[in-house]
Every structure is written in structure tokens, then in C-alpha cells.
Amino acid sequence: MEERFSFDPFVLPFTIGMMFIIIYLSIAAGKVIYDLPSEDRKKFFRSLFSWRIFVSIKDIICECLLHVRIFRRNRVLGFMHMSIAFGWFMIIVLGHIEVKLYAPHRLNLPYFPIFFRYFMKETEQTMQGAFFFFIMDFFLLLIFIGIGMALYKRFNSRAMGMRRTTRLKMADRIALYTLWLIFPLRLLAESHTAEIAGGSFLTNTVGYLVGVVPEDYGRGFWWAYSISLGMFFFALPGSRYMHIPTEALLILFKNAGIRSRKKGDGVATAAIYSCSRCGICIDACQISSAARKPKDTAVYFIRQLREGDPAALKSAENCFMCGRCVQACPVGIDSIRLRQNVRELKAPKDQSDYSYLPAMDIGQADVLYFSGCMTRNMPSILYSMKKILKESGDNYLHMDASSTICCGRPMLLSGQIDAARAMIMKNTEIIRLSGARTLITSCPICYKVFCEQYSLQGVEILHHSQYIDRLIKEGRIEVEKSSLNVVYHDPCDLGRGSKVYKEPRRVIDAVATLTSIPSAIDKKKALCCGGSLANTALSEGSRRTVTEDAYKQLTASSPDVLATACPLCKKTFEGVSEGHSAVKDIAQIVVEAMVEKSPVPGKENSKNSSAHITA
Amino acid sequence: MIDFGYGITRSNRLNLDEADLTLARKMARREKSFGTCIGCGTCTAGCTAGHFTAYNPRKIQLMILNGQTENLKEDLEKCMLCGRCQMLCPRGISLRSLWSKLYRALDAPHKTPSVTRDIF
Ligand code: SF4
Ligand code: SF4
Ligand code: SF4
Ligand code: SF4
Ligand code: SF4
């Protein structure tokens, strides 16, 4: 190999573009890190110098280059993303290796590895040279396959397992088309010089074809290639491809254990810019797939945030906060948190403190049962739970027998943190005063907020499914397995929200036959019932469509019972279940299968369980 | 005056021509289902906050419609946004949404927050 030139004016568009993007990204990254709350910033820097950096590097390779998570979701789509990202990365790396091997003194010229084939001349054919020619062509081919698939996806997204893809805006289009152009132009340019600089199966072949173009015009290819690169860099900040550099930063944040807390903190910004607008979340969202209203799905909401579009204030509300999109997102963007940020921004400034609530002393007990607002609307669950609690022999009290103070989660979901805190404080007081060691609730909404927002050290918090599971395991209640076919629906706040999957299934397995459902709507991918409190924008009609669709999917095998572990799910599904599979709570099914022990005379298990109000 | 053994109480009828219906109109715009209430009172019967005070969600709706908005805010602040009323309402009114929109409408001084861009 021998150097022909070391400079040509055509390198300018690329070099200027690259300088621009490096400066832009450095300032942006600096701002994002500066915007972190100071303790998070410390955490971030500390994590850079700990073993966690290795985990981050691994994650960055797996996600940014190989797109493992998209692969797991859909192999074709994963291959498409991987071939472009990984192929391009390898071409850049190999380009640098070549320079290091053949012209090490040129490593200081940023454009040299990119236009290596123009500047160098092949003097003799070597194995090593042929290897590089081959492998460079190989990765270029890989990219072409990826781009071909991407083109195909533009016109036929269903073939890639996507029903809907994102509608693109101008900046995205410019970036997309220049990105697609970069590689064909590179091929043309390299083919043109293949005779001088060497080439392999792609470049040589194409080289014969473009060989007819006269030498002077041939340099036009190199110009075009450089311009397309430069344009891509200039279009990058306004386009969705910002996700390429930002995702790496987001991974670093995640592995440092920092999460967004309010709008505009660095993590939120990084999350917004990490969205590749792949559109996977559109199909995951039932407001889109069932109610056919895709306009406020995560991808569009995130775009509104990024553009500072006031429409985000409204679309923040149009979400069940069910987490299906977060689960599906290949980047792992917590769009629920981003919506919550906006809700908190919107919340009224002076909020209630609930000073009207009386001081409550409910007495002493080992176990507290908190039914919650929702369960009080579903007496069937309440009575079943009371029966089970009585049978258990535990010394229990029904914490909200006469009146409930809401757990605070609905208020939190509306962004009114101070008001929610006030309720949380009141309930905490009551729980603490009772001296209880165990707190049981029938409502996943309450369960989640008890676990995440209350400080109840020393009190074990259980959802009733966990409690019943324990009772059965310890033989404290006796149940008979029936032949009922039961499908279990994971409530969002219990499954995805609190990661309780095993216990409810074990309970059902002990009392009936658990029927399986397609994995696309099971466990982590469970559907939302459509009754979620979190959405204050969707009309009742659209909600019903979501519910009907979910009910239909869940009961496709016509089970005898559709079981849930959430009063709201039960209520919601009951509204559409006429004549089909009955909707029951786990507690109800257990009570029906329970073999009651003969009562021991003279032994009263539970105290008078009504709350006593002082003040 | 002759004592007939009964008296006339002061009229509690409202002159709706003079009532200030700004809030009622605003709420009707912001929450489409507002105004379809049939006044059954189920929401009030089940109201979580109503177990502690005289808080009455059905009355709140009526007061908005009547333009009696003076003490509305103090009243509304008793609501816990728990959503029980919505779960019970036979008319399928999005009551939680109504309450949270009302919260914001009554928040003084009310300014629409801006969602600014986070970078440049
Ligand atoms: S939020 Fe995630 S799934 Fe949705 S478009 Fe963005 S990257 Fe894709
Ligand atoms: S959280 Fe649920 S409702 Fe909200 S956008 Fe995601 S999938 Fe849709
Ligand atoms: S009621 Fe159950 S399924 Fe419906 S949104 Fe809440 S947790 Fe999810
Ligand atoms: S949301 Fe408010 S009005 Fe409705 S039941 Fe709860 S406390 Fe009562
Ligand atoms: S339950 Fe519904 S219809 Fe009945 S009074 Fe309340 S809001 Fe009106």
C-alpha cells in the first residue's frame, strides 16, 4: 500500500459535519449531566469509576450495536437494525485499523480512515489486503441488506411484525434519506477507485460497471459520499438518530441507578432523546391497538416533549400508565415516568392537606387488612377476604371497616404530590399506631403505593394473593381443587407494576385448573383492563372498546372463570362479560373451594373489626 | 299578621339568568361527559371523602351548573381523587377527570405551565 494523496477538497463536507456534531454532542452531553440533581450527578461520576462501567460497556454493545432487545422481540426487525448499526460501526473500526497498519502517521487526520480507499494505492496483492477488502465489502453488503429491509418496511411494515409505524417529520426524513444514501454512494466511490486501491466481490464488480465513467467525474462520487455524510451529521440533532449517541448516555445513567424525578432533569432529557421513534410502543398500547387512537402513544408524546410542544400537557393524561409500552420499548425508555413528570408540572400549586381527617385509633392487631376504596365497591371480594382472614386464625383488624382514607396513588397519578403525601401520612399513622406487623391489601393500586411510597419498616406488605398463597402453603386454610378452568389476568399494578406473578398463579393452581393464554398477553405482556384510574382523557366509549378487546383476547379459550386480583379489573371486566366466562377475584375462587374447619368453641379469632373514630 | 300556623320560607330558587356560568361552560368544554349527570347520588353514597365530612360530589356538580362557585374550592379540596365515584356512576361520567380538571380550573393564580425544550 502506498499513499497517493493526503488531502482533497471533497473531504471538507464530511470534516465540517463531523466537527459540528462532535461539538454539538459535547455541549448537549455536558448540559444533560449538568442538569442532573447534584446527588445523582455524584452517583453518575462514581459509577464511571466502578465495576459497573463494565456492565455499561456490555449493555452499550448489546443494545446500541447488536440491538439484542429488538432481536428478542422480532428477529427480522432485530436483524435489520443490527445490520445497519453493527455494519457501520465495523466499517469505521476496520477503516481505522487499516490506517493504523498502512499509514499510521495519518491517524491524526479524522477524514483519512473514512476515505482511505481514495488516498491509498494498492502496490502488491497480499493476503492481508485481500482480507480487508473482503471484510469491508462484507459489512457493506450487510448494511445494504439492512437498508433493503428498511425500505421494504417503509412500504410494508406488517411483514416486520409491526402494524403501525411512526409517521415521520421533515428532519427525520432528511436524515433517513441521507443515511440510506451514504452507503450506496460509498460503494460507488470505492468501486470507482477499486482498480487503483483494490477491492473485493462488491467493489470490484461494481467497479467494472462504473469503470466507464471518466476519471474526473469519478471524483464526483467521492464528493457525493462526503456530502451525504456531512448532511447526515447536520441533520442529526433535529432527527430521531440522536438516539444513537444518547442511548449510550441513558445506559450509563441506568447502570448508575439514577431515575428521572422531574421534568428536565438530565435523565428525562436523555430518555427523550434516546427514543428512536421505532414505533414498537404504538402496537403495544391498547389505546392504539384496540381503541384506534394512536396519537398520544409514547412515541408521539416523547416527540412532543422533545419539540417543546404544549400538546404534551394534554397527551400526558391520555395513558393508563399500564406500562405495556415501557415493557416493549427496545431502549427501555420509562415513558410512564415522563408522563408523570408532566402531570406533576401541571398539578395545582396549593393542594389539600386533609386536615379535616380525624385522628383514628383502630386498636391493636398483628395483621391489618386494608380493603381500599375500590374493594369497598366490590363486596364480593371484601366478604371473601373476611372469611379467609377469619379462617386463617390470624389476629386481624379491618383497617378501613367504617371509612377509608385513600392510599394516595390515584392522587399521585394526577400529579398532586403534596395532597397524596398528606393521605400517606394519615394512613401511616394509623398503621403504626395499630402495632401491626403485616399489612394486607386487596387492591394492586394500594399495594404498589404501600411498597413504593410509604415508609413502613418492620411491617410486611402483602397483596391478598400473596397472603392466601402463604396460608395454603402453611396449611392454615384447607382447599379442594375443582375442575374449573380458570384464566388469570395479571393486573397492571400487581404484575408489571410490582412484579407479583407467581403467587396468584400458585393459588389458582391449588383450587382450580389454570388455563394458559398466549404469551403475547401473559405476565409481563399482560393486557390492561381499560379501567385504569390513571387516564383522565379517554372517553368511556373508548375505554369500553379496550375492555371488550382485552376480555375477548383473555377468554378466547372460553374458560369457566376469568380470574383477577384487582377490584377495578373485576369491575371493569364484569361490565362486558355478560353470558360469557364469569369474572372473579382470586379470593372468591378460594372461598368457594375452601373446606371450613369446624370452629373451636370459646376461641374467637378476630376482634371486633370496625374502626373506632376518636376526635 | 295573622298566624296561619305555617310560614313561607325564603325562596332558594336561583336566577340562572344572573348566575355566573363561566366555570360551568369551561368544565363542559374540558370534560365532555360533564352535564350528563342524572343526579342519582350514587357517587355521593359511595364517596370516600364523604365518609368523613359532608362532602358531596353530586352537589359539587350541581353547584357548578348553578354558578354557585364561591366555596367550591374549599369543598373540592376534600376529594381524594380515589375514583370510587367514577367506578359507581351509572352514567359512565369521567368523574375523576372532572375533579382533577376542576382542581386546576380553581387553582389561583392559574397559569398554564410550559413544556419547554430541555436542550437548546
Ligand atoms: S418509546 Fe421506545 S418503543 Fe416507543 S418509539 Fe421510542 S424507542 Fe421505540
Ligand atoms: S402506559 Fe399503557 S396506556 Fe400508556 S402509552 Fe403505554 S401502553 Fe399505552
Ligand atoms: S384495574 Fe387492573 S388491569 Fe386495569 S389498569 Fe388497574 S391494575 Fe391494570
Ligand atoms: S374521587 Fe373524590 S368525589 Fe369521587 S369518591 Fe373519591 S373522594 Fe369522593
Ligand atoms: S353517580 Fe353519576 S349520574 Fe349519579 S349523581 Fe353521581 S355523577 Fe350524577
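(A) Structural detail: the sheet that holds strand β4 (residues 396–398) of chain A. All names here are of chain A. The parallel open sheet is built from 4 strands, whose spatial order is β4-β3-β5-β6. The outermost strands of the open sheet, each flanked by one partner alone, are β4 and β6 (460–463). Strand-to-strand, the axes of this sheet are offset by a mean angle of 25°, without reference to chain direction. Where strand β5 (residues 438–441) lies against β6, 4 bridges are found, and the strand directions are parallel.

(B) Structural detail: unusual backbone geometry. Residue and element names in this part refer to chain A. The residue R277 is not glycine, and still its phi comes out positive at about 55°. In this fold, R277 is placed in the loop between α13 (266–274) and α14 (280–284). Of note, the phi angle at K499 is positive, near 60°, even though the residue is not glycine. Relative to the helices and strands, K499 resides in the loop between β8 (485–488) and α26 (502–511). Its relative accessible area of 65% is what places K499 among the exposed residues.

(C) Quick look at the pairing of strand β11 (residues 582–585) of chain A. All names here are of chain A. In this sheet, β11 lies alongside strand β10 (residues 561–564) in parallel orientation, the contact comprising 4 bridges. If you follow T564 over to β11, its bridge partner there is D585. The β-α-β motif built from β10, the intervening helix α28 (residues 567–574) and the parallel element β11 has right-handed crossover chirality.

(D) Spatial organisation of the pattern of salt bridges. All names here are of chain A. Under the criterion given, the structure shown has 32 salt bridges over all chains. Here E474 and R476 are joined by a salt bridge, their closest N and O atoms 3.1 Å apart. A single network of salt bridges, built from pairs that share partners, joins E39, D40 and R261.

(E) Molecular detail of the site of ligand 2. Around ligand 2, a shell composed of A:C285, A:I287, A:C319, A:F320, A:M321, A:C322, A:G323, A:R324, A:C325 and A:R339 is seen. Grouping the constituent residues of the shell around ligand 2 by class yields 7 nonpolar, 1 polar and 2 charged.

(F) Examining helix α19 (residues 335–346) of chain A more closely. Between its first and last C-alpha atoms α19(A) spans 17 Å; for 12 residues at 1.5 Å apiece the expected length is 16 Å, and the two agree. Those residues of α19(A) not exposed but buried are A:S335, A:L338, A:R339, A:Q340, A:N341, A:V342, A:R343 and A:K346.

(G) Inspection of the nonpolar core at higher detail. Among the nonpolar cores identified, the biggest contains 115 residues, and A:Y354, A:M385, A:I468 and B:W99 are the most heavily contacted of them. Dropping the residues within four chain positions of it, A:I468 is found in contact with A:M385, A:I388, A:I477, A:V507, A:I586, A:A587 and A:V590. Counting residues in hydrophobic clusters, the runner-up holds 101 residues, among them A:L77, A:F139, A:L249 and A:C325.

(H) Just the site of ligand 5, in detail. Not every one of the 14 residues close to ligand 5 is listed here, only the nearest: B:C37, B:C40, B:C43, B:Q61 and B:C89. Mapped by element, the contributors of at least two residues to the shell around ligand 5 are α2 (42–46) and α3 (57–66) of chain B.

(I) View of the environment of B:G67. Residues and elements named next belong to chain B. Looking at where G67 falls in the secondary structure, it is placed in the loop between α3 and α4 (72–76). The class of G67 is buried, set by a relative accessible area of 13%. Linking G67 and A19, residues 48 residues apart in sequence, is a C-alpha distance of 5.3 Å. In this structure G67 touches D20 and L21, once residues within four positions along its chain are discounted.

(J) Molecular detail of the sheet that holds β8(A). Residues and elements named next belong to chain A. Sheet architecture is open: 4 strands sit in the order β9-β8-β10-β11, paired in parallel fashion. Edge positions in the sheet fall to β9 (513–515) and β11, since each of these pairs with one other strand and no more. Across the sheet, the mean angle from the axis of one strand to that of its neighbour is 40°, orientation sign disregarded. As paired strands, β8 and β10 are joined by 3 bridges and run parallel to one another. Among the inter-strand pairings, V486 is bridged to a residue of β10, identified as V561. The sheet contacts of α26 involve β8, β9 and β10, and relative to β8 the element is tilted by about 175°.

About the cut-offs
- Residues numbered from 1 in each chain as written.
- Chains lettered and ligands numbered in written order.
- Predicted model: local features only at pLDDT ≥ 70, side-chain atom pairs only at ≥ 80, totals over all residues.
- Heavy atoms only, no water.
- Pairing = 2+ DSSP bridges.
- Helix = DSSP H or I, 4+ residues; strand = E, 2+ residues; numbered from the N terminus.
- Axes fitted to C-alpha atoms, helices over the stretch in contact; angles between N-to-C directions.
- Buried < 20%, exposed > 50% of the residue type's maximum accessible area, 1.4 Å probe, protein only.
- Right-handed = clockwise from strand over helix to strand, strands pointing away.
- Salt bridge = Lys/Arg side-chain N within 4 Å of Asp/Glu carboxyl O.
- Near = heavy atom within 4 Å.
- Nonpolar A, V, L, I, M, F, W, Y, C, P; charged D, E, K, R; others polar.
- Expected span 1.5 Å × (residues − 1).
- Core = buried A, V, L, I, M, F, W, Y, C linked by side-chain atoms within 4.5 Å.
- Contact = heavy atoms within 4.5 Å.

Take it as geometry only, folks, not as evidence of what the structure does.
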